[in-house]
2 protein chains.
Amino acid sequence: MRYKCIIAYDGYEYMGFQIQEDLKTIELEIMIAFKKLLNMDVKIYPSGRTDRYVHAKGQVIHFDLDSTITAEGIKRGLNSFLPNDIHILSCEEVDENFHSRFSCKSKEYRYYINFKEYDPLSCRYCVNITNLDLDLMRKAIKKLEGKHDFKGFASAQIDKRKSTIKEIYKTEINVIDDKYYEFIFIGNGFLKYQIRRMMGLLVEIGRHKENINMIDEVFDKKDPGISHRCLDGCGLYLYEVRY
Amino acid sequence: MRYKCIIAYDGYEYMGFQIQEDLKTIELEIMIAFKKLLNMDVKIYPSGRTDRYVHAKGQVIHFDLDSTITAEGIKRGLNSFLPNDIHILSCEEVDENFHSRFSCKSKEYRYYINFKEYDPLSCRYCVNITNLDLDLMRKAIKKLEGKHDFKGFASAQIDKRKSTIKEIYKTEINVIDDKYYEFIFIGNGFLKYQIRRMMGLLVEIGRHKENINMIDEVFDKKDPGISHRCLDGCGLYLYEVRY
């Protein structure tokens, strides 16, 4: 039987989603919880990896299980063994053709910037950058929408055999509580570091340190070397995966 | 010269405000930062101690300093040495008669309960309790207002020589983002564990496990032994100290 789970986590204490030997990762914690619950090694497939410090409000995984445990039993059982900062929001049986990564229609990521005084109570969940030109960033982010080769915004280490052409369906910048800028990116998929490097350039534009046309230049040159600093992972959330 | 600072901190990693030898405390971190900034031991006086895990949005301290450093220099200097989860929001010179504790006119504490699904991204900053009767808690919290002997709500270990009569000027319960109950308590002072034990009883009333009249009984009997469980420190914030 195949199952789909939606998971939330506070990524601040983790070295990312994907297992890396005995480093503290989300995948390792879920595998340990499965071992405690069912005394089995369960291979899990995420919709995509998240990097070190990156949070999730709606990561999706699937896995196959030959057991009599119910979907609700998996949810409650895993949650009872998982650490406080990882939580299974839902678990359901799905068709065997469902695949967390390949069936995905779109993904939504959000990035948070505290543009007011530094706040030690939210510093794990956003970055702190003041004096940003919101109107200019709103113009700039729109240039990222559509189908583009995002190679210039990706990590230099990405798999050369895979396409770097992706489509961003929608972007938005909201002001929350007169304290945070919430950047929304919805697309058919994102390359490693893509959102954090797009954020890096948006912030340089918002600080009037870089011209808005630099976005076209990064698209044209397709060279990760000329891109801008990658903003911290702790401001980034995998918000929703849609199927 | 006497200085007043307003401080915010995420108390989740700390054993409380007050120094306890080499345990991780807020006071110790501030003293270490002073030592790094001025190569001096500076004795600091808080408006009151906060317990293990308790946060602050507006703790106040004062201290005396014989140095040419400016108030803004103290603020920036300390912040550059303090860990991420402690931050000096402001520093100003004050009259030598000012005392963070004795000059205080009122204190505001807030307590947060997530009444929806467990959220790993806010679990350091609230407690998670579902199925609470908000209307009943709103009636109950009003019974705590006014001048009372709060001995029955205090820690059993409080100093017997000190008065346990305090006044609560104002209480309020707000619903935030359709997810959190925000309990506000403004008073002339609070005893050790008082708010967390009042919260413990309010929650029992909200769960219909205890009658609203139990509040009068705790006031009458003045016996900390009959009071209710102390809710977790991580939901509590020292929000503001007024002078």
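Here the residue index of a chain counts from 1 through its sequence in written order. All chains are assigned letters beginning at A, and all ligands numbers beginning at 1, according to the order in which they are written. With the structure being a predicted model, the display of local features is reserved for residues of pLDDT at least 70 and the display and counting of side-chain atom pairs for 80 or more, all residues being used for whole-chain, interface and lining totals. Note that the side-chain values use all heavy atoms of the structure and ignore hydrogens as well as water.

Peer 1: I'm lost on the domain arrangement of chain A in this one. Help?
Peer 2: Often the size quoted for an interface is simply the accessible area lost on bringing the parts together. All names here are of chain A. Domain assignment breaks chain A into domain 1 (2-94) and domain 2 (106-242). Reported domain spans reflect what an automatic or database domain assignment gives. Each of domain 1 and domain 2 was reduced to a C-alpha centroid, and the two centroids are 27 Å apart. On the side of domain 2, 16 residues touch domain 1, which itself brings 17 residues to the contact. In total, domain 1 and domain 2 occlude about 1,300 Å² of area from one another, counting both sides; carbon and sulfur atoms represent 55% of this. Reported buried area values correspond to the accessible surface (1.4 Å probe) lost by two parts on association, with both partners' losses combined. Broken down residue by residue, the surface that domain 1 buries against domain 2 is led by D51, H55 and K57, which jointly contribute 38%. Any Lys or Arg side-chain nitrogen found within 4 Å of a carboxyl oxygen on Asp or Glu counts as a salt bridge. Linking domain 1 with domain 2 are four salt bridges, by the criterion used here. One salt bridge connects D10 with R124, and the closest N-O pair in it is separated by 3.2 Å. Two N or O atoms count as a polar contact when they lie within 3.5 Å, although within protein this holds only if one can serve as hydrogen donor and the other as acceptor, and sequence-adjacent residues are included solely when both atoms are side-chain atoms. Taken together, the links from domain 1 to domain 2 amount to 13 residue pairs in polar contact (both at pLDDT 80 or more). The criterion used for residue contact is that any of the two residues' heavy atoms lie within 4.5 Å.

Peer 1: Even after reading the chapter, I still don't get the interface of chain B and chain A, so can you show me in this structure?
Peer 2: On the chain A side, the residues contacting the 24 residues of chain B number 25 residues. In this assembly, chain B packs against chain A so that about 1,700 Å² is buried in total across both faces, 56% of it on carbon and sulfur atoms. When the buried area of chain B at its contact with chain A is split by residue, N84, P120 and L121 of chain B rank highest and sum to 36% of it. Taken together, chain B and chain A are joined by four salt bridges. Taking the shortest distance from any N to any O, the salt bridge between K75 of chain B and E117 of chain A comes out at 3.7 Å. For the side of chain B that touches chain A, the secondary structure elements donating two or more residues are β1 (2-9), β3 (55-64) and β4 (86-94) of chain B. Starting at the N terminus, helices and strands are each numbered in turn, a helix being any DSSP run of H or I of at least four residues and a strand any DSSP run of E of at least two.

Peer 1: When you look at the relation of the copies chain B and chain A in this model, what are you seeing that I'm missing?
Peer 2: Between the two copies of this chain, the relationship is a rotation about some axis together with a displacement along it. When the copies are overlaid, the least-squares fit takes in C-alpha atoms only where the residue has pLDDT of at least 70 in both copies. Relative to chain A, chain B is turned by 180° and slid 0.0 Å along the rotation axis, the superposed coordinates differing by an RMSD of 0.0 Å. The symmetry that links the two subunits is that of a two-fold axis. Scanning chain B for the C-alpha nearest the rotation axis identifies S122 of chain B, at a separation of 5.0 Å. Counting the interface residues of chain B, we find that 100% of their copies in chain A are interface residues as well, pointing to one common contact surface.

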